[in-house]
Amino acid sequence: MGILLFITVLLIAACGLIYELIAGTLASYLLGDSVLQFSTIIGCYLFAMGIGSALSRFIARGLAYRFVWIELLLGVVGGFSSALLFLAFAYAQGFQLLMYALVIIIGLLVGLEIPLLMRIVRGRYHFRDVVAHVLTFDYLGALGASLLFPILLVPYLGLVRSAMLFGIINVAVALWSTFLFANQIAKAWALRVVCLVVLVGLSFGLAEAKHITMAAEDNIYADEIIFARDTRYQHIVLTRFKDDIRLFLNSHLQFSSRDEYRYHEALVHPGLSAIPAPRRVLVLGGGDGLAVREILKYPQVETVTLVDLDPEMTRLFSSHPLLTALNQKSLSSPKVHVVNADAFPWVDSNRESFDFMVIDFPDPTNYSLGKLYTTTFYKAAARHLSAQGLMVVQSTSPMFARDSYWCIAETIKQAGLRIFPYHVYVPSFGEWGFVIAGFRDYQQPTSLPSGLRFMNVQGLPVLFQFPPDMAPLPMPPNRLNDQLLVRLYDQDWKDISH
Amino acid sequence: MTVSRREFMRSGCAALVGLSIKGDRPILGSFVNESFQQGHSLRDRASFPAPKQIVRIPVVIIGGGIAGLSAAWRFEGKGFSDFLLLEMNDQVGGNSRWGENEITSYPWAAHYVPVPGPKAVLVRELFEDLGVLKNGEWEERYLCFAPQERLFLYGRWQEGIEPAIGLKEKDRDQFRRLEEQIHRFRASGNFTVPMETGLSERNADLDRISFSAWLRGQGMDSRILNWYMNYCCRDDYGSTTDETSAWAGIQYFASREPEEKGPLTWPEGNGWIVRRLLERVGGFCRTGQMVHRISQEKRAIRVFAGETEYQAEFAIFAAPTFVAPYLIEGLSALQDFEYSPWLTANLTLERLPAAYGGDPTWDSVFLESPTLGYVDATHQTLRTHIDRTVWTFYWALADGPASGNRQRLLNNDWNYWKEAILRDLERVHPDIRKCVSRIDIMRMGHAMARPKVGAVFSLERRQLKKTNGRVLFANSDLSGFSIFEEAQYRGVTAAETVLKDLAGDSRKAPHR
């Protein structure tokens, strides 16, 4: 019996530590700032364990019976903790409250375990042996768990299923304890039935965890998904691997936090720096606030109007700590006015004038999005442009979608604007293209805002040179009644992937 | 199958409380815009009240469809304002009526105008006035957005309505030969829009046989080609190729340019044109005014509507011509005016049905269906995100005798037609019942003139096209078929004739 008893200690110690690690990791993934998250979670957890140990003195009788119940409870609470936290993060408010509540409950229960166990077995061994053995195996279990967690559990099982698995181990310990301490438990069979029911529940959870974790999507996304939501308009997914946060809309990569500065600096500064006194700026699309972040580097800019279809998108990028760290809380700036509207009707009906316009829509992958790349759209947009104003248009890749890129450039031209195409290398996208357009000639700026990570004045002329493999192609324009671009774009990418 | 977390949670919760989340919502709706009773009161020679007031007005336009509104548009454009337009229904527009709900406006019948060719001078003039044609360029937002049309066949969608997949060499050969024939007819200049400008006796023999007989005569027996020809005739004329004059069948293809990037269309269909016309001539229109008697006298024409008698110098009869013998004293019954019964329905969709490859289009047609498919009212919107919409479902009851189909229209209740429509859609959209919240149905016993064999060159039509004393006929059915350009042409030319005659009269005897 001795060795079995100490294996029990080892297992429950491992379970307790795993729940703690999961809470800490989840909080770091979802909220960022891992030092803060791990510190506060370990602190709360240890503190709750202390309370648990203190409370153990009030349990006077039925020690083994209560120990089994504690294991059962731990199995359920710990096992489902990760799933519950993911769901709370996506669908409910008060994620942090729930997280700390769970950590404290788990800590309390774990704190009760060891004192109770020591009292259960104290009659069988010398006190000094009990303390020595129990604590030895306790720390051994902790070592095992802390090695297992990063090496096997996170990469192969993920957070939700790891928690479920250890919940099952907790309940298995409960079941096994009813045999181990059979002589101290009346009606052990009733407890065993409960154990079996909980085991079935957790096993079902383990099997179905795919649906909860979006592990089904793990095939699409290389990294851990830290946020996923179906809004009325799109499917938003955020992934994180180490310090790389990626945003996907309808499974299309929008940015990687590692190199988005290249994209957004190149999107904004060549155009905006070329305008003598830009006061009013319009951003269409770009609900991530990253282009706005760059625009706010110009103190002359008085107002930025951001039109993005999806209120959940702009809310997410106004409130999520990881994302506001990325966009430097740009969407909360008093200069910024967020309008949640469909861009084309908004542009068509609004009459405001702007000195600079950023048109940063998703690629024309379908006929609905294709409307935003038509002569009619650019004509409507041009009506908002002040005489000295410029617009810049995200125009797909001149490298991978060369036909599409030059079709967009031609479409803007046919809308009556002068075009100045340029391109930039963004590692996570590859070679990417933009078009500056306006009524006047464009002169490359002679100065740029300070503190840019990528753009400098010397580097500007190169952006406007197109090597032979990206050189202009004669293309007809994209029109509402003949959306050539959608077919071109589709074909361009098919050619790449074959 | 992948289940989203939300669905997982929802189904979990539903299972917990023992509720089914699949409970279908009921589909609401009714018949709308019914005018059988008014029409039948004329047919049955019901007695109408004696006039209580007399209004003297130089010109009365009877009927507020495109023909009547176009006459009014011409009057207004020429600065002539001594006229009134009387419309039987509460809403003008005729076959270009439209409706509106919180999602979109939508058509009740005619929903597009093919891009007018150079010979359609009057339609081009109208579209210049409405801002559709600017400096020789068509406003892009009024041209049908891509992708325009699709056909469901062999379990999948293809782009375009003319069948292009699954064709055998024989089918291809016959399509090619037909195209060559059409090209020759087009080049002859005898098949034009409006039809009057090109109409030639040389082609009168084509009006003496049916389109299907002509196709047979040309050795065109391909099943798929004949399906497509039959679809086109049902779509434009409400009749099958067996019932359609070969001249009209050829006109459908030969009067249009083959390479047009159109048509012109709007969410409410041609209702958009009516709206714009109303902005110009709405002040002259009197709705809910059913004319029940017209009597011609030497010095005036008396038009009785409701409890008012209008005494005018001229009346432009823009209502369907078949009603004329019931109204105009002394006009004998018409033999050559036959009409097709139609049904249109507007379906409100709370969500879009599952797609089967490809983007949704403006017009969707199903191969071998007795109906004509549906048109999506939100297709022609600038919005990029659409999650609710309205579909206009078209059904020309073309098979079998028209009178029997009219009885079928009248005798069956809303539920019968609702089921018939859903069953047709279900073949292509199995989940349609879960998407639709409302189906409103409009029944039209005499929706459009049917260009049956002999109709186009009929003597009766030729006589009515001439001025008949003080009554000028202006409905598109004078052309033999109901299309927007014909109605507009007839309305405008009638107005011009009246203006000329009034000028002549006033030279002889100034009436003021």
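This is a predicted model, so every value here is computed, not measured.

Rules and cut-offs
Residues numbered from 1 in each chain as written. Chains lettered and ligands numbered in written order. Predicted model: local features only at pLDDT ≥ 70, side-chain atom pairs only at ≥ 80, totals over all residues. Helix = DSSP H or I, 4+ residues; strand = E, 2+ residues; numbered from the N terminus. Rg over C-alpha atoms; globule rule 2.2 N^0.38 Å. Buried ≥ 20, exposed ≤ 12 C-beta atoms within 10 Å, placed from the backbone. Contact = placed C-beta atoms within 7 Å. Pairing = 2+ DSSP bridges. Arc of directions from axis to C-beta. Core = buried A, V, L, I, M, F, W, Y, C linked by C-beta atoms within 7 Å. Domains from an automatic or database assignment. Nonpolar A, V, L, I, M, F, W, Y, C, P; charged D, E, K, R; others polar. Axes fitted to C-alpha atoms, helices over the stretch in contact; angles between N-to-C directions.

Engineer: For the overall build of chain A, give the residues involved together with the corresponding values.
Structural biologist: In terms of helices and strands, chain A carries 17 helices and 11 strands. What you see for chain A is a C-alpha radius of gyration of 29 Å, clearly larger than the 23 Å of a compact globule of 498 residues, by over 25%. For the C-alpha atoms alone, the extent of chain A along its principal axes is close to 95 × 45 × 40 Å. Taken across its 498 residues, chain A has 50% of its residues classed as buried. Expressed as a percentage of contacts within chain A between residues at least 6 apart in sequence, the contacts between residues at least 24 apart total 74%.

Engineer: How would you explain the environment of Leu196(A) if you had to name every residue and give the values?
Structural biologist: You can see Leu196(A) is positioned in helix H6 (residues 188–213). Between the C-alpha atoms of Leu196(A) and Glu224(A), which are 28 residues apart in sequence, the distance is 32 Å.

Engineer: Now, about the pairing of strand S14 (residues 301–305) of chain B: what can you tell me, with residues and values included?
Structural biologist: Residue and element names in this part refer to chain B. Every second residue of S14 is oriented toward a common face, the buried set being Ile301, Val303 and Ala305 and the non-buried set Arg302 and Phe304. When S14 meets strand S15 (residues 308–312), the two strands line up antiparallel, connected through five bridges. Each bridged residue has a counterpart across the sheet, and for Val303 the counterpart in S15 is Tyr310.

Engineer: Which residues make up the sheet that holds strand S2 (residues 59–62) of chain B, and what values do they have?
Structural biologist: For sheets, the rule is that strands pair by backbone hydrogen bonds, running either parallel or antiparallel. Residue and element names in this part refer to chain B. With parallel pairing, the five strands of this open sheet are ordered in space as S12-S3-S2-S16-S22. Every interior strand has two partners, whereas the edge strands, strand S12 (285–286) and strand S22 (471–473), have only one. Bridge count for strand S16 (residues 314–317) against S22 is three bridges, and the pairing is parallel. The residue of S22 that forms the bridge with Phe317 is Phe473.

Engineer: Describe helix H11 (residues 402–411) of chain B, naming the residues involved and giving the relevant values.
Structural biologist: Owing to its 3.6 residues per turn, the α-helix brings residues three or four apart onto one side. All names here are of chain B. When H11 is considered as a whole, its buried residues turn out to be Ala402, Asn405 and Leu409. Down the axis of H11, the buried set is contained in an arc of 60°. They therefore lie on one face. Of the exposed residues in H11, those oriented more than 90 degrees away from the buried face are Ser403, Gly404, Leu410 and Asn411.

Engineer: Run through the nonpolar core, naming residues and quoting values.
Structural biologist: Judged by nonpolar contacts, the single largest core of 301 residues is most densely connected at Val60(B), Ile61(B), Ile62(B), Ala71(B), Ala315(B), Ile316(B) and Phe317(B). If we skip the residues at most four places from it in the chain, Val60(B) touches Phe83(B), Leu84(B), Leu86(B), Val303(B), Tyr310(B), Ala312(B) and Ala315(B).

Engineer: Help me get a handle on the domain arrangement of chain A, residues and values and all.
Structural biologist: Residue and element names in this part refer to chain A. In terms of domains, chain A is made up of domain 1 (2–212), domain 2 (214–258) and domain 3 (259–497). Taken over C-alpha atoms, the centre of domain 2 sits 22 Å from the centre of domain 3. Secondary structure elements with two or more residues in the side of domain 2 that touches domain 3: strand S3 (244–249) and strand S4 (252–256). No other element matches S4, which puts five residues into the side of domain 2 that touches domain 3. Split into classes, the residues belonging to the side of domain 2 that touches domain 3 amount to seven nonpolar, six polar and two charged.

Engineer: Describe in detail the environment of Leu349(B), supporting the description with residues and values.
Structural biologist: Residues and elements named next belong to chain B. Structurally, the position occupied by Leu349 is in strand S17 (residues 339–349). A count of 23 C-beta atoms within 10 Å places Leu349 in the buried class. For the pair formed by Leu349 and Leu459, sequence separation is 110 residues and the distance between their alpha carbons is 48 Å. Not counting residues up to four positions away in its chain, the partners in contact with Leu349 are Arg388, Thr389, Trp391, Cys435 and Val436.

Engineer: Describe the sheet that holds strand S1 (residues 224–230) of chain A, listing the residues and the values that go with them.
Structural biologist: Residues and elements named next belong to chain A. Spatially, the four strands line up as an open sheet ordered S1-S2-S3-S4, and their pairing is antiparallel. At either margin of the open sheet sits one strand with a lone partner, and together these are S1 and S4. Ignoring which end each strand starts from, the neighbouring axes of this sheet average 20° apart. The sheet contact formed by strand S2 (residues 235–241) and S3 spans six bridges and is antiparallel.

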